[in-house]
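# A closer look at the structure
Given next are the chains, with one letter for each unit.
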Amino acid sequence: MSSCLEEKHSRIFVTGPIIVGAGPSGLSVAACLSNRGVPSVILERTDCLASLWQKRTYDRLKLHLPKHFCELPLMKFPRNFPRYPSKQQFISYVESYAARFNIKPVFNQTVEKAEFDVAPGLWTVKTQDAVYSSTWLVVATGENAEPVIPDIPGLKKFTGPVVHTSAYKSGSEFANRKVLVVGCGNSGMEVCLDLCRYNSLPHMVVRNSVHVLPRDFFGLSSFGIAMTLLKWFPLKLVDNLLLLLAYLSLGNTDRLGLRRPKTGPIELKNVTGKTPVLDVGAISLIQSGQIRVMQAVKEITKKGAKFVNGQEMEFDSIILATGYKSNVPYWLKDNSFFTKEGMPKTPFPNGWKGENGLYTVGFTRRGLLGTAFDAVKIAEDITDHWMKMNGPLSSSNVCSSHIIHFDFNKS
Ligand SMILES: Cc1cc2nc3c(=O)[nH]c(=O)nc-3n(C[C@H](O)[C@H](O)[C@H](O)COP(=O)(O)OP(=O)(O)OC[C@H]3O[C@@H](n4cnc5c(N)ncnc54)[C@H](O)[C@@H]3O)c2cc1C
Ligand SMILES: NC(=O)C1=CN([C@@H]2O[C@H](COP(=O)(O)OP(=O)(O)OC[C@H]3O[C@@H](n4cnc5c(N)ncnc54)[C@H](OP(=O)(O)O)[C@@H]3O)[C@@H](O)[C@H]2O)C=CC1
Ligand SMILES: O=C(O)C(=O)Cc1c[nH]c2ccccc12
């Protein structure tokens, strides 16, 4: 893989693993490795830690699972944080986490290509500035690496602003506007709620079925209730109890145009990865008519949209709450471990390890809980291999001199 182009780049040999992505997943692996005395290098495309949280989420975002389900390995949230920490609190936790384990990613390094070179038995990882090599490659670029922009007929004709939720900050820019929100996952629901607080008129497209659960039920989180019940009862029974609890708390959501899937909420999450909506107030605004539920869009026009039921309406703006996708297929070459959608083919709990020193963290569709699970496993596995190669190493003698530069650039 040493083409002329790559010879112009610095060549850097990393003695520990290369981790791609400085989100919660990449940081968790680096922390668990550092705790075991193994150095690593994180390559991050942006200029900050947890860039999804810092740059691509809305102001009002809070964790929607209780904090103890969102902890990274080896460090608890501060005790004074509320049950559902805000985005700012989560970011400050991530920053303290990196500081505590002395993790210093190499920022502004977009991994453009990574491949395994069989002869030396090394991963070659190319960014815009350098070529890194290592025995191990940890993929931590996330399930939410890129926005999904759907190919809706006519979308390009629309004359008003079209924004994906990853670029939405607050409803202040949409005050008194009629907004079409495409998608009814957690993002779609929460953006509609935020828009209402800024006095705009959200119309939310629901093209399919969706599970909505109350975030809390009599002071207990629905997610926590489900996790506890799953220790003793079968999944189908727990799902039925969740549906009963949802009915008692939210009423019959089918009547609001939110049809429920036939499969229960946790089973559906496990099988397809589709996250149930955890309601933090959107349902009552649908009930009161402040958020309108619309059918699937047939086409977008210059000034609005036509719907499959024949309705036609004008809108000032469109917000695409259409979800995210992995970007692994764009940069990881010749790899049969991932699907063409960039998710590991091996299902949870075994999707964290591939072949030839390849690992993946944060692709379990189980949020930060899944990240913590993967990170611990990966660090154990790499440490075993590391010790066979290098002998034991204590965290006190880990230093930053674990990269060796071969600079072809400075001629
Ligand atoms: C709005 C929103 C709210 C969420 N809330 C919760 C929640 O409350 N609880 C929960 O458990 N989960 C939640 N999630 C799920 C979310 O996936 C996790 O919180 C978490 O951010 C996953 O961490 P990660 O490190 O795997 O991915 P990310 O946080 O996406 O980090 C991946 C990093 O990789 C970098 N990267 C990507 N491609 C490249 C490349 N080619 N080269 C170099 N760097 C690259 C990115 O810039 C990014 O910094 C939420 C997701 C969203 C979108
Ligand atoms: N507070 C929190 O913690 C929050 C957490 N999140 C998490 O972030 C992740 C991403 O959530 P989100 O951004 O909501 O994405 P999701 O993938 O969960 O939802 C995408 C939505 O867009 C719809 N959609 C996609 N394409 C089209 C189309 N062409 N026309 C109409 N509808 C379309 C989907 O419908 P269909 O089902 O028919 O495909 C679905 O309703 C989830 O894991 C979520 O839980 C998000 C926001 C807040
Ligand atoms: O917030 C997310 O996206 C998550 O994936 C967290 C999560 C993991 N398992 C769940 C089950 C029900 C609702 C949310 C989650």
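Residues numbered from 1 in each chain as written. Chains lettered and ligands numbered in written order. Predicted model: local features only at pLDDT ≥ 70, side-chain atom pairs only at ≥ 80, totals over all residues. Heavy atoms only, no water.

## Side note on the side chain of Ser133
As for its placement among the helices and strands, Ser133 is situated in strand β6 (residues 130–134). Residues in contact with Ser133, not counting those within four places in the same chain, are Arg11, Ile12, Phe13, Val14, Ile18, Leu122 and Trp123. (Helix = DSSP H or I, 4+ residues; strand = E, 2+ residues; numbered from the N terminus. Contact = heavy atoms within 4.5 Å.)

## Structural notes on the site of ligand 1
Taken together, 29 residues are adjacent to ligand 1, and Ser25, Glu44, Ser51, Asn144 and Leu368 come closest. A distance of 3.2 Å separates an oxygen atom of ligand 1 from a polar atom in the backbone of Pro24. His64 places a polar main-chain atom, nitrogen or oxygen, 3.1 Å from an oxygen atom of ligand 1. Coverage of ligand 1 by the protein amounts to 93% of the 980 Å² it exposes when considered alone. Taken together, the elements giving at least two residues each to the shell around ligand 1 come down to α2 (24–35), α3 (51–55) and α11 (367–390). The biggest single contributor to the shell around ligand 1 is α3, with three residues. Looking at the shell around ligand 1 residue by residue, the class counts come to 13 nonpolar, 14 polar and two charged. (Near = heavy atom within 4 Å. Polar contact = N/O pair within 3.5 Å; in protein donor to acceptor, adjacent residues only side chain to side chain. Areas by Shrake-Rupley, 256 points an atom, 1.4 Å probe, with all protein chains shown as cover. Nonpolar A, V, L, I, M, F, W, Y, C, P; charged D, E, K, R; others polar.)

## So, the confidence of the model for the protein chain
This prediction gives the protein chain a mean pLDDT of 94; 93% of its residues lie at or above 70. Helix α1 (residues 4–7) is the least confidently modelled element of the protein chain, averaging 50 in pLDDT, while strand β2 (residues 18–20) averages 99, the highest of any element. Segment residues 1–5 is flagged for pLDDT under 50; beyond a separation of four residues in sequence, or across chains, it makes nine contacts in the model. Every residue in residues 406–411 scores below 50 in pLDDT, and together they form twelve contacts with partners more than four places removed in sequence or on other chains. (pLDDT = per-residue confidence, 0-100.)

## Thoughts on the environment of Gly224
For Gly224, the position within the fold is in helix α6 (residues 222–230). Residues Gly224 and Leu65 lie 159 residues apart in sequence; the distance between their C-alpha atoms is 8.1 Å.

## Things to note about the sheet that holds strand β22 (residues 358–360)
Reading across from one edge, β3-β2-β7-β22 is the order of the four strands in this open sheet, with parallel pairing throughout. The open sheet has two free edges, formed respectively by β3 (41–43) and β22, since each of these has just one partner strand. Along the sheet, successive strands turn relative to each other by an average axial angle of 20°, direction set aside. Of the pairings in the sheet, the one linking β2 to β3 comprises three bridges and is parallel in character. Bridging from a neighbouring strand, Val20 pairs with Leu43 of β3. Against the sheet, α2 makes contact with β2, β3 and β7 (137–139), and its axis sits at roughly 155° relative to β2, the strand it touches most. Across the face of the sheet, α11 comes into contact with β7 and β22 while running at roughly 160° to β22. (Pairing = 2+ DSSP bridges. Axes fitted to C-alpha atoms, helices over the stretch in contact; angles between N-to-C directions.)

## Quick notes on the sheet that holds strand β17 (residues 297–300)
With respect to topology, three strands assemble into an open sheet ordered β17-β18-β19, the strand pairing being antiparallel. Strands with a single pairing partner mark the edges of an open sheet, and in this sheet they are β17 and β19 (312–314). Within the sheet, the average angular offset between the axes of one strand and its neighbour, ignoring direction, is 25°.

## Remarks on helix α7 (residues 235–250)
Over its 16 residues, α7 extends 22 Å from the first C-alpha to the last, a length consistent with the 22 Å expected when each residue adds 1.5 Å. The set of residues buried in α7 consists of Val238, Asp239, Leu242, Leu245, Ala246 and Leu250. Along α7, the residues classed as buried sweep out an arc of 120° about the axis, all on the same side. Opposite the buried face of α7, at more than 90 degrees from it, the exposed residues are Lys236, Tyr247 and Leu248. Looking at the buried residues of α7, the elements they touch are β12 (212–214), β13 (216–217), α6, α8 (265–272), β15 (277–279) and α9 (282–287). (Expected span 1.5 Å × (residues − 1). Buried < 20%, exposed > 50% of the residue type's maximum accessible area, 1.4 Å probe, protein only. Arc of directions from axis to C-beta.)

## Things to note about a nonpolar patch on the surface
A cluster of nonpolar side chains, Trp232, Phe233, Leu237, Leu241, Leu244, Tyr247 and Leu248, forms an exposed patch at the surface whose accessible area comes to about 750 Å². Tracing the backbone through its elements, the reader meets Tyr247 in helix α7. (Patch = residues over 30% accessible without salt bridge, like charges linked within 9 Å, V, L, I, M, F, W, Y side chains within 5 Å. Salt bridge = Lys/Arg side-chain N within 4 Å of Asp/Glu carboxyl O.)

## Description of the site of ligand 3
What surrounds ligand 3 is the set His64, Leu65, Phe223, Lys269, Thr275, Pro276, Arg366 and Gly367. In this structure, His64 approaches ligand 3 through a side-chain N or O atom, which is 2.7 Å from an oxygen atom. Between Gly367 and ligand 3, the recorded distance is 3.5 Å, taken from a backbone N or O atom to an oxygen atom. Burial of ligand 3 by the protein chains amounts to 79% of its free accessible area of 360 Å². A breakdown of the residues in the shell around ligand 3 according to their chemical character gives three nonpolar, three polar and two charged. Taken domain by domain, the makeup of the shell around ligand 3 includes at least three residues from each of domain 1 (10–145 + 326–406) and domain 2 (148–323). (Domains from an automatic or database assignment.)

## Focus on the packing of aromatic side chains
Summed over the entire model, instances satisfying the criterion amount to 17 aromatic pairs. Ring geometry for Trp352 against Tyr359: centres 6.3 Å apart, planes inclined by 15°, an arrangement best described as stacked. Tyr359 carries the same exposure label as Trp352, and that label is buried. Ring-pair connections join several aromatic residues into one group, and the members of that group are Trp53, Phe77, Phe81, Phe90, Tyr93, Tyr97 and Phe101. In this structure, Lys178 packs its charged tip against the face of Phe315, placed 5.7 Å from the ring centre. (Phe/Tyr/Trp six-rings, centres within 6.5 Å; stacked < 30°, edge-to-face > 60°. Lys NZ or Arg CZ within 6 Å of the ring centre and 35° of its normal.)

## Structural notes on the pattern of salt bridges
When their charged atoms lie close together, side chains carrying opposite charge are able to pair. All told, the structure shown has twelve salt bridges when counted by the stated rule. With its nearest N and O atoms 3.0 Å apart, the salt bridge here joins Arg45 to Glu146. With a gap of 101 residues between them, Arg45 in the loop between β3 and α3 and Glu146 in strand β8 (residues 146–147) connect regions that are remote in the sequence. Among the residues examined, Arg45 registers a relative accessible area of 32% and is labelled partly exposed. Overall, the relative accessible area of 21% leaves Glu146 in the partly exposed class. Taken together, the salt bridges that share partners define one network made up of Arg83, Arg215 and Asp216.

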